[in-house]
2 protein chains.
Amino acid sequence: MESRIDRIKKQLHGASYKLTPQREATVLVLLEHEEDHLSAEDVFLLVKEKAPEIGLATVYRTLELLTDLKVVDKINFGDGVSRYDLRQEGAAHFHHHLICIECGTVDEIQDDLLGDVEKIVESRFQFKIKDHWLTFHGICKRCKPDVEDGEV
Amino acid sequence: MESRIDRIKKQLHGASYKLTPQREATVLVLLEHEEDHLSAEDVFLLVKEKAPEIGLATVYRTLELLTDLKVVDKINFGDGVSRYDLRQEGAAHFHHHLICIECGTVDEIQDDLLGDVEKIVESRFQFKIKDHWLTFHGICKRCKPDVEDGEV
DNA sequence: CTTCGTGCAAATATTTTGCACCAAT
DNA sequence: ATTGGTGCAAAATATTTGCACGAAG
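All of these numbers come straight from a predicted model, not from anything done at the bench. (Residues numbered from 1 in each chain as written. Chains lettered and ligands numbered in written order. Predicted model: local features only at pLDDT ≥ 70, side-chain atom pairs only at ≥ 80, totals over all residues. Heavy atoms only, no water.)

Visitor: What's the story with the layout of surface pockets in this structure? I'm lost.
Guide: Rolled over the atoms, a probe with the dimensions of a water molecule shows which regions are left empty. Considering only enclosed or pocket space, the largest pocket measures out at about 1400 Å³ in volume. Along its surface, the largest pocket is lined by 47 residues, and Asn-76, Phe-77 and Gly-78 of chain A together with Asn-76 and Trp-133 of chain B are the ones closest to its centre. The residue makeup of the lining of the largest pocket, split by class, is 16 nonpolar, 15 polar and 16 charged. Counted as a void, the second largest pocket has a volume near 180 Å³. Taken together, Glu-35, Leu-98, Val-106, Asp-107, Glu-108, Ile-109, Cys-140, Lys-141 and Arg-142 of chain A together with Phe-125 and Phe-127 of chain B make up the lining of the second largest pocket. With four residues, strand β5 (residues 106–109) of chain A is the single largest residue contributor to the lining of the second largest pocket. (1 Å grid on protein atoms, 1.4 Å probe; cavity = no way out; pocket = protein on both sides within 12 Å on 5 of 7 lines; lining within 4 Å. Points joined across faces, edges and corners; volume = space filled by probe spheres on them. Nonpolar A, V, L, I, M, F, W, Y, C, P; charged D, E, K, R; others polar. Helix = DSSP H or I, 4+ residues; strand = E, 2+ residues; numbered from the N terminus.)

Quick look at the structure:
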């Protein structure tokens, strides 16, 4: 069976790029932290553990490359920093985020919630949708004082 | 009849801030460019025309103040710059954006499209929604080659 | 030997902060 | 006098770029 990194390697090769050790280490960090929303600096520090000689500029260049290839999405939560999220393979759409204004946690929603909304927007505004970004700000279940939440 | 700027003035006073000439010039620029999505630098250059002695730091401080008071929303389209949008008065929710990947135009949608989606998210994830950000990327009607668009 | 990719340092861009000064109580 | 607000310059942050060098065909 073909692994995720193999497929990313093929994508790179298909676009005439090499999977150098630095790029591989970067992709591995992203795979190992799929749940997180790492900044370039975060990625840099984690990659440094595998490949201490790597430079921050290379991480930026790799992340930009992966963004162009649609391997990752570059997202922005309004703090001054860009964050990088691996795309779900084969996902038609970008996933959504729930940001807790109490604790700052960012949860992801993979569900496709916008099918109906997109139909409305496409017909009402004659706008051909290619992708969407949906973020909710609010209070997550862990911070809701009035709820006795079973698990976490 | 009470004007928009008067109400903003009252909001400032209510929070123990003054509407200084610099702040007033900044708010006026925002009111005159309600359709646009101005960066701090954009606002600065426009305010300079009314009040040439103003400093960029003051514009930043004013925009931050207005953001805190929820007079404006600070938004981020992924280029490295924050942009500032006047809130619709009385709007329960932030408006949505349509970004054209061909021509870069940003259109606004005031419609509240997410009522049903929010209900689902609140119950499924036990997440109390306070606000949302929805942006669509795609091709606007002006850039669609196959459509003979009547107006605009 | 040519191309692509890298590390480092310098440059750039954006936003924030320190501080002295000014205006209005 | 005290407070809040400002302009300017410097600092802090985040990201990009120039360049010489190294690795791989």
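Visitor: Quick question: what am I supposed to make of the protein's contact with DNA strand D here?
Guide: Contacts to DNA strand D come from 18 residues, most closely from Tyr-60 of chain A together with Thr-20, Arg-23, Ile-54 and Thr-58 of chain B. The sugar-phosphate backbone supplies 75% of the atoms of DNA strand D found within 4 Å of the protein. Measuring from a sugar or linking oxygen of DNA strand D, one finds a side-chain N or O atom of Gln-22 of chain B at 2.9 Å. Measuring from a phosphate oxygen of DNA strand D, one finds a side-chain N or O atom of Arg-23 of chain B at 2.9 Å. Listing elements by their share of the surface near DNA strand D, those giving two or more residues are α4 (56–68) of chain A together with α2 (21–32) and α4 (56–68) of chain B. The dominant element in the surface near DNA strand D, judged by the number of residues it contributes, is α4 of chain A, at four residues. Among the residues making up the surface near DNA strand D, the classes are represented as seven nonpolar, six polar and five charged. (Near = heavy atom within 4 Å. Polar contact = N/O pair within 3.5 Å; in protein donor to acceptor, adjacent residues only side chain to side chain.)

Visitor: For this particular structure, what's the right way to read the environment of Val-59 of chain A?
Guide: Residue and element names in this part refer to chain A. Among the secondary structure elements, Val-59 is positioned in helix α4. The class of Val-59 is buried, set by a relative accessible area of 0%. Taking the C-alpha atoms as reference points, Val-59 and Ala-40, 19 residues apart in sequence, are found 6.9 Å from one another. Not counting the four nearest positions on each side in its chain, Val-59 is found in contact with Ala-40, Val-43, Phe-44 and Ile-54. (Buried < 20%, exposed > 50% of the residue type's maximum accessible area, 1.4 Å probe, protein only. Contact = heavy atoms within 4.5 Å.)

Visitor: What's the story with the protein's contact with DNA strand C in this structure? I'm lost.
Guide: In the region of DNA strand C, 18 residues are neighbours, and Thr-20, Gln-22, Ile-54 and Thr-58 of chain A together with Tyr-60 of chain B sit closest. Within the side chain of Tyr-60 of chain B, an N or O atom sits 2.5 Å from a phosphate oxygen of DNA strand C. The side chain of Arg-61 of chain B places a nitrogen or oxygen atom 3.5 Å from a base oxygen of DNA strand C. Looking at the surface near DNA strand C, the elements that each hand over two or more residues are α2 (21–32) and α4 of chain A together with α4 of chain B. Among the elements that take part in the surface near DNA strand C, α4 of chain B stands out by supplying four residues, more than any other. Class assignment of the residues belonging to the surface near DNA strand C gives a composition of seven nonpolar, six polar and five charged.

Visitor: Please explain the pairing of strand β6 (residues 128–139) of chain A as it appears in this structure.
Guide: When a strand is regular, its side chains alternate between the sheet's two faces. By the bridge criterion, four bridges tie strand β4 (residues 96–100) of chain A to β6 of chain A in an arrangement that is parallel. Bridging across to β6 of chain A, Leu-98 of chain A finds its partner in Phe-136 of chain A. Sheet analysis places β6 of chain A next to strand β6 (residues 128–139) of chain B, joined by 11 bridges and oriented antiparallel. Bridge pairing links Gly-138 of chain A to Ile-129 of chain B in β6 of chain B. (Pairing = 2+ DSSP bridges.)

Visitor: Before we go on, may I ask you to explain the interface of chain B and chain A in this structure?
Guide: Think of interface size as the accessible area that goes away when the parts come together; that is how it is often given. Every contact between the two is made by 33 residues of chain B and, on the other side, 33 residues of chain A. Taking both sides of the interface into account, the surface hidden between chain B and chain A amounts to around 3100 Å²; carbon and sulfur atoms contribute 68%. Counting every contact that joins chain B to chain A gives two salt bridges. Close ionic contact of Arg-124 of chain B with Asp-111 of chain A constitutes a salt bridge, the shortest N to O distance being 2.2 Å. Counting every contact that joins chain B to chain A gives 13 residue pairs in polar contact (both at pLDDT 80 or more). Those elements that place two or more of their residues in the side of chain B that touches chain A are β4 (96–100), α5 (115–125) and β6 of chain B. Here the side of chain B that touches chain A gets 12 residues from one element, more than from any other, and that element is β6 of chain B. Grouping the amino acids of the side of chain B that touches chain A by side-chain chemistry returns 19 nonpolar, six polar and eight charged. (Buried area = accessible area lost by both parts, 1.4 Å probe. Salt bridge = Lys/Arg side-chain N within 4 Å of Asp/Glu carboxyl O.)

That's the geometry; what it means functionally is another story.
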